[in-house]
Amino acid sequence: MSTSAPPGVITGVELEIGGMTCASCAMRIEKKLNKLDGVVATVNYATEKAKVTVPDGYDPALLIAEVEKTGYTAALPVPKGAKKDGGSDGGGEGEDPELTSLRNRLIGAIVLTVPVIAMAMVPAWQFTYWQWASLALAAPVIVWAAWPFHKAAWANLKHGTATMDTLISMGTSAAFLWSLYALFFGTAGTPGMTHPFEFALAPSDGAANIYLEVGAGVTMFILAGRYFEKRSKKQAGAALRALLELGAKEVSVLRGDVETKIPVEDLQVGDEFVVRPGEKIATDGVVVTGTSAVDESMLTGESVPVEVSAGDTVTGATTNAGGRLVVRATRIGSDTQLAQMARLVEDAQTGKAEVQRLADRISGVFVPIVIVIAAAALGGWLGAGFPVSAAFTAAVAVLVIACPCALGLATPTALLVGTGRGAQMGVLIKGPEVLESTRKIDTVVLDKTGTVTTGKMTLVDVVVEPGTDRTELLRLAGALEDASEHPIAQAIAKGATQEVGALLTPEDFANIEGKGVQGVVDGHAVLVGRESLLAEWSQELSPELAATKARAEGEGKTVVAVGWDGRARGILVVADTVKPTSAEAIAQLKAIGLTPVLLTGDNEAVARQIAAEVGIDEVIAEVLPKDKVDVVTRLQAEGKVVAMIGDGVNDAPALAQADLGLAMGTGADVAIEASDITLVRGDLRSAVDAIRLSRKTLGTIKTNLFWAFAYNVAAIPVAALGMLNPMLAGAAMALSSVFVVGNSLRLRGFRSVARS
């Protein structure tokens, strides 16, 4: 199967895989692909993608053919633009044929199955020909609604394997086929036949018993779980879409002296384009003319806007927060920093370790054992000289009682109740895979800006020269800054308003590029900005004030000097502030056994100060956005199981790489989509609730699975001995399911540790 490609030259191919129903499917495809010469493949069940390394020149059609031989579908990815119109990563829920099919089957199963179960369980409702009505209602459920299980079971059979689909298909088919035998060739079709409640165990030839409610009920319950799982898993590609959506859609290109609006896709390297205040920068480039402050927090996590002027580089998808800029494009399309970050998210998602479904692991061993027991029961009864009908009754009873009704309910019910309770508390858990990660984590990496801190500039201190009134300084400086669009100016204006009330309107105002503002307020000539701006007007800070300014800047804070009427009057200190609940949250994280680590792009001094304020001992500072993934990977290589909490676009790849990603709901959409858990309120204490609730939900699922499995183990010998009355079996199965649901509902009593 090898090609004539030159050895040693390696390239990457990505395939979109269809038809997988469990993690063992992914393992089977991966094993098959890795048998090809020169091929190294990783198949991810969660994202339904295969990343394949092949010799250069290798025909992808060979890979696709190999996957199809295994019984699944494979295709090369549709170009990003095409996906918006309904590709495998695009479109809404209604545009996914597989999800739509599941939903339709589930609705049909619910409508038809409820009356079947009601008639079987309530003898008073068993009218003269009720058994034939049950057949008419149950047949479409067991044949049509359960078709995905039958199809998967057949594919597994062809490859000599068994999964939960095999057990569902065998159990429902056995219940249906034996019911047909009992109705047409036994005595179950007799008018007036009833299934009374009999709690005594007694041998029976089975010809008077039907199991239609078992086959239809199991199908309905398992379809419900499969539908909700599929709907959740469909969001796997949303992080990438959210990241690409951050970019500008249109751009004003300069053609001569004329501005022309064009789609951003038509922009070429070397084109010059205009960016007005508040607009997103269309692509990576170099400033040609203009001065402004650029808000890069969505990409870098850095809360302080960056001052740019002619010759400075700017990044696509960042926001122009100040003046008008003319930018020359240097990188477009897939070469931009935004696109590179999108690739990081995609690689981290595809490389994330798969979590084998607990129910599938049980079924992998359980199914062959059940089949062997059923065959042994059949042979044993025939060998002992009993009638064929009695032997088949025992064998079919084994398959019926082994049908995993409670097993199918164990995960989705606990997940639905747990995630529902989480949503009430502002915690969104994305799926079953997340839960196992929470049990093992021992280290939690926290982004600083927007996670531990507010992510917004705030006026934190006012220091005045002797003889200057603090209120007067705020009144004059605030009035002038209120007329500026700069984010730091707006923080000062907001702080001044809170302290002195409504601000005056300047009589004169001018913006001094890159230095600050000047104007006339209430008859005073006021300067607000850099120390160098005041120096130009011979307004020098006193040594004491200069020392205070230097100390604040050493802590990573931004300092603005204020002067009027020929003298420097004081300084205003602006900084990103710690959230009020962060220190309490860190203490709670430590209390549940986690080691917090602060990770930030800010300088070491700022990071250390914030860490000390909230109680974090380990700090990793001055980390570039693209290197955050490397930090998480390094911690994992040291044997740590890492949770990452962040909110910015720059955090998205690290959130996807971490064993558990938690995103602040007040942050970027891409961070939310790349994470496993979203903290809606933006309160760090929610992270503690999320981890505790996830662990509790996982524990509930394991208890449910144990009970469901133990029920089957206890009931199978009874069935094999031919002592299983169908109504008693139905009641036992219902009791098992009720226990599973009741145990799951206990999660509604989960309480937060936060005192708020």
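Up top is the structure these notes are about.
The structure presented is a predicted model; accordingly, all values stated were derived computationally and were not measured.

Colleague: Can you help me understand the side chain of Thr-697 in this one?
Modeller: Tracing the chain through its elements places Thr-697 in helix 26 (residues 685-720). By relative accessible area, Thr-697 is classed as buried at 2%. Residues in contact with Thr-697, not counting those within four places in the same chain, are Ala-414, Leu-415, Gly-418, Leu-435 and Leu-747.

Colleague: Just checking my understanding: could you explain the environment of Leu-459 for this structure?
Modeller: By the secondary structure assignment, Leu-459 is in strand 16 (residues 453-464). Separated by 29 residues in sequence, Leu-459 and Ile-488 place their C-alpha atoms 8.7 Å apart. Filtering out sequence-adjacent residues up to four positions away, Leu-459 remains in contact with Leu-474, Ala-491, Ile-492, Gly-495, Ala-496, Leu-572, Val-573 and Val-574.

Colleague: Explain the sheet that holds strand 6 (residues 258-263) here, please?
Modeller: The strands that make up a sheet pair up through hydrogen bonds in the backbone, lying either parallel or antiparallel. Here 6 strands make up an open sheet; going across it, the order is 6-5-7-13-8-11 and the pairing antiparallel. Each edge of the open sheet carries a strand with a single partner, namely strand 6 and strand 11 (313-314). Looking at chain direction, strand 7 (residues 272-275) and strand 13 (residues 325-331) are connected through 4 bridges and run antiparallel. Looking at the pairing, Glu-272 lines up with Arg-328 of strand 13.

Colleague: I tried to follow the pattern of salt bridges on my own but got confused; where do I start?
Modeller: Oppositely charged side chains can pair when the atoms bearing their charge come close. This structure, assessed with the given rule, holds 22 salt bridges. Across the pair Arg-331 and Asp-284 runs a salt bridge, and its minimum N-O distance is 2.9 Å. Placement of the pair is Arg-331 in strand 13 and Asp-284 in strand 8 (residues 284-289), with a sequence separation of 47 residues. We classify Asp-284 as buried; its relative accessible area is 2%. For Asp-651, the salt bridge is made with Lys-628, and the minimal N-O distance between the two is 2.8 Å. Of this pair, Asp-651 sits in the loop between strand 24 (642-646) and helix 24 (652-657) while Lys-628 sits in helix 23 (residues 628-637), and the two are 23 residues apart along the sequence. Across the pair, exposure class does not vary: Asp-651 and Lys-628 are buried alike. Connected through shared salt-bridge partners, Glu-14, Lys-49 and Lys-51 make up one network.

Colleague: Before we go on, may I ask you to explain helix 23 in this structure?
Modeller: Of the positions making up helix 23, those classed as buried are Lys-628, Val-629, Val-631, Val-632, Leu-635 and Gln-636. End-on, the buried residues of helix 23 take up no more than an arc of 160°, which puts them together on one face. Against the buried residues of helix 23 lie strand 15 (443-447), strand 22 (595-599), strand 23 (618-620), strand 24 and helix 24.

Colleague: Is there a simple way to explain the sheet that holds strand 19 (residues 524-529) in this structure?
Modeller: In spatial order, the strands read 16-21-20-19-18-17; together these 6 strands make up an open sheet with antiparallel pairing. Sheet topology places strand 16 and strand 17 (508-512) at the edges, where each strand pairs with a single neighbour. Within the sheet, the average angular offset between the axes of one strand and its neighbour, ignoring direction, is 20°. Both strand 18 (residues 516-521) and strand 19 contribute to a ladder of 6 bridges, which runs antiparallel. Residue pairing in the sheet places Val-517 in a bridge with Val-528 of strand 19. Sheet strands touched by helix 20 (residues 543-554): strand 16, strand 20 (558-564) and strand 21 (567-578). Its angle to strand 21, the strand with the most contacts, is close to 20°.

Colleague: Is there a simple way to explain a nonpolar patch on the surface in this structure?
Modeller: Side chains of Leu-382, Val-388 and Phe-392 sit close together on the surface and give an oily, nonpolar patch of about 250 Å² of accessible area. By the element assignment, Val-388 lies in helix 13 (residues 388-402).

Reading the values: rules and limits
- Residues numbered from 1 in each chain as written.
- Predicted model: local features only at pLDDT ≥ 70, side-chain atom pairs only at ≥ 80, totals over all residues.
- Heavy atoms only, no water.
- Helix = DSSP H or I, 4+ residues; strand = E, 2+ residues; numbered from the N terminus.
- Buried < 20%, exposed > 50% of the residue type's maximum accessible area, 1.4 Å probe, protein only.
- Contact = heavy atoms within 4.5 Å.
- Pairing = 2+ DSSP bridges.
- Salt bridge = Lys/Arg side-chain N within 4 Å of Asp/Glu carboxyl O.
- Arc of directions from axis to C-beta.
- Axes fitted to C-alpha atoms, helices over the stretch in contact; angles between N-to-C directions.
- Patch = residues over 30% accessible without salt bridge, like charges linked within 9 Å, V, L, I, M, F, W, Y side chains within 5 Å.
- Areas by Shrake-Rupley, 256 points an atom, 1.4 Å probe, with all protein chains shown as cover.

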